[in-house]
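Here are the chains, one letter per residue:
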Amino acid sequence: MINSAFTIYRFPSVFVLNYMKELQEILKKIAVLKPDEKAVLATVVDVKGSSYRRAGARMLIGADGETIGTVSGGCLEADVLERAKKVWGTGAAEVFVYDTTATEDSVFSLNMGCRGVIRILLEPARDNAIFEFLQNCVRQRKACAVTTLIAKSESFSLPIGAKFLVRAETDWSGETNPIIQNVLSDAAKALADNRKFSKIYEADSEMAEFFIESIFPPINLLLFGAGYDAISLADFAANLGWRVTLIDHRPAWASAERFPSAAEIIVSRAENLNENLFRDEISVAVLMTHNYEADREILYRLLNSSCRYVGALGPKKRTENLIAELRRAGKTFDESKLNRLYAPIGLDIGAESPEEIALAIIAEIRSVLSNREAGFLRARQGGIH
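Since the structure is predicted, the reported quantities are computational estimates derived from the model, not experimental observations.

**Some remarks on the overall build of the protein**
Step number 1: Summing up its helical and strand segments, the protein has eight helices and 16 strands in all.
Step number 2: The 385 residues of the protein split such that 48% are buried.
Step number 3: Once local pairs closer than 6 in sequence are excluded, the contacts in the protein between residues at least 24 apart make up 64%.
Step number 4: If you sum the accessible surface of the protein, you get close to 18700 Å²; carbon and sulfur atoms cover 50% of it.

Now the structure itself:
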């Protein structure tokens, strides 16, 4: 296998979350596999038409039938588990096609409802280089791209399932195969634009089809304030696979006992926070300290941060007053970053309880990261994806 990467890198304007919760659970399981324990990784590598899961969805299958993740709404899993036995036996990766476009029951005599063609790659999970690679990307909070061979002509030398693992900083200019050159070039574009797609490449009587996907580390939620209402928000975000950083100056409130879902707890006053906290470009921030002076200090730093979303709890007038006071005090910030400020925070769903407010906040953040208007799907023209 070839480990490659690119020198040009930027974060996309539309941020897709890439099934991060699912992937994190799979990575945790892989880390504790016993030496003799078999496992197969199933990955949706292409979808044409309608499907419950999209390309990039993954499921880890253990020899005992235990699964983590899903590749459909439950209708394909039983057959995928059966096909995994073949991969355990041969040790070779294979792509299986499920065609549910027929008007009659096309898979297991079940009327699935969805009409699409789904291709799923099954490959051995043990000693698969992708897992260590992704663990490092998550740990270092760096984006990456993975290209996987899913179809080929007999003359193309690499086996099905072969991968190029792509990072932003390594030079790959020595590659001479024209197909691989084009694959790596497209991987660079996918990494820059946060895209995933399958594509056929042809050169010198050879043909190869690759599934190319960008994978970003989990969204980091900077949660300022350790009040009762912040607990539901932290739990909700963590349940989505986001990384939660809780910040509050009160040790009794900012504790692991109150916030077991937080990956990091910082006990500090606003003016003493380390500047590196505000430099993570894969982060969002929610301001809910319920302290006017603290909010003013933190808001100023957030308006000059790399956060992709900044939400402030409280009435609109309160936030307007905070911004006005900052300006009167001579504090400057990039005016364009005001577009990242959402105040009052959350979607208008009539939320009242802390749990409902957390739902409204998370839904708004998700819509902003996806560049969607968060309207009713029934009013959307065309496909929902």
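**Description of the nonpolar core**
Step number 1: F210, L223, L233 and V286 are the most contacted members of the largest nonpolar core, which has 47 residues in total.
Step number 2: With seven residues, helix α4 (residues 178–193) is the largest single contributor of residues to this core.
Step number 3: Counting residues in each nonpolar core, the second largest holds 21 residues, with I298, C307, V310 and A312 among its members.

**Some remarks on the packing of aromatic side chains**
Step number 1: Evaluated as defined, the whole model comprises five aromatic pairs.
Step number 2: Considering the side-chain rings of Y201 and F210, the 6.3 Å spacing of their centres and the 75 degrees angle between planes classify their relative orientation as edge-to-face. The pair Y201 / F210 is uniform in exposure class, with both members buried.
Step number 3: Taken together through their ring pairs, the aromatic side chains of F156, F164, Y201 and F210 make up a single cluster.
Step number 4: Taking NZ or CZ as reference, R250 lies 4.0 Å from the ring centre of W253, over its face.

**Examining helix α1 (residues 20–31)**
Step number 1: For α1, spanning twelve residues, the distance from its first C-alpha to its last is 16 Å, which sits close to the expected 16 Å at 1.5 Å a residue.
Step number 2: Those residues of α1 not exposed but buried are M20, E22, L23, I26, L27 and I30. Projected down its long axis, α1 carries its buried residues within an arc of 155 degrees, all on one side.

**So, the confidence of the model for the protein**
Step number 1: Within the protein, residue pLDDT values average 87, and 90% of them lie at 70 or more.
Step number 2: Segment residues 1–16: pLDDT under 50, and 65 contacts once partners within four positions in sequence are set aside and those in other chains are kept.

**With respect to the sheet that holds strand β4 (residues 67–69)**
Step number 1: Spatial ordering of the open sheet is given by β4-β3-β2-β6-β5, a layout of five strands whose pairing is antiparallel. Taken across any chain shown, the strands that pair with only one partner, and hence form the sheet edges, are β4 and β5 (94–99). Averaged over neighbouring strand pairs, the angle between their axes works out to 20 degrees when direction is ignored.
Step number 2: Pairing geometry for β5 and strand β6 (residues 116–124), over six bridges, is antiparallel. The residue bridging V95 from the neighbouring strand is L121, located in β6.
Step number 3: Along the sheet, α1 makes contact with β2 (39–49), β3 (58–62) and β4, crossing β3 at roughly 25 degrees.

What counts, and at which threshold
Residues numbered from 1 in each chain as written. Predicted model: local features only at pLDDT ≥ 70, side-chain atom pairs only at ≥ 80, totals over all residues. Heavy atoms only, no water. Helix = DSSP H or I, 4+ residues; strand = E, 2+ residues; numbered from the N terminus. Buried < 20%, exposed > 50% of the residue type's maximum accessible area, 1.4 Å probe, protein only. Contact = heavy atoms within 4.5 Å. Areas by Shrake-Rupley, 256 points an atom, 1.4 Å probe, with all protein chains shown as cover. Core = buried A, V, L, I, M, F, W, Y, C linked by side-chain atoms within 4.5 Å. Phe/Tyr/Trp six-rings, centres within 6.5 Å; stacked < 30°, edge-to-face > 60°. Lys NZ or Arg CZ within 6 Å of the ring centre and 35° of its normal. Expected span 1.5 Å × (residues − 1). Arc of directions from axis to C-beta. pLDDT = per-residue confidence, 0-100. Pairing = 2+ DSSP bridges. Axes fitted to C-alpha atoms, helices over the stretch in contact; angles between N-to-C directions.

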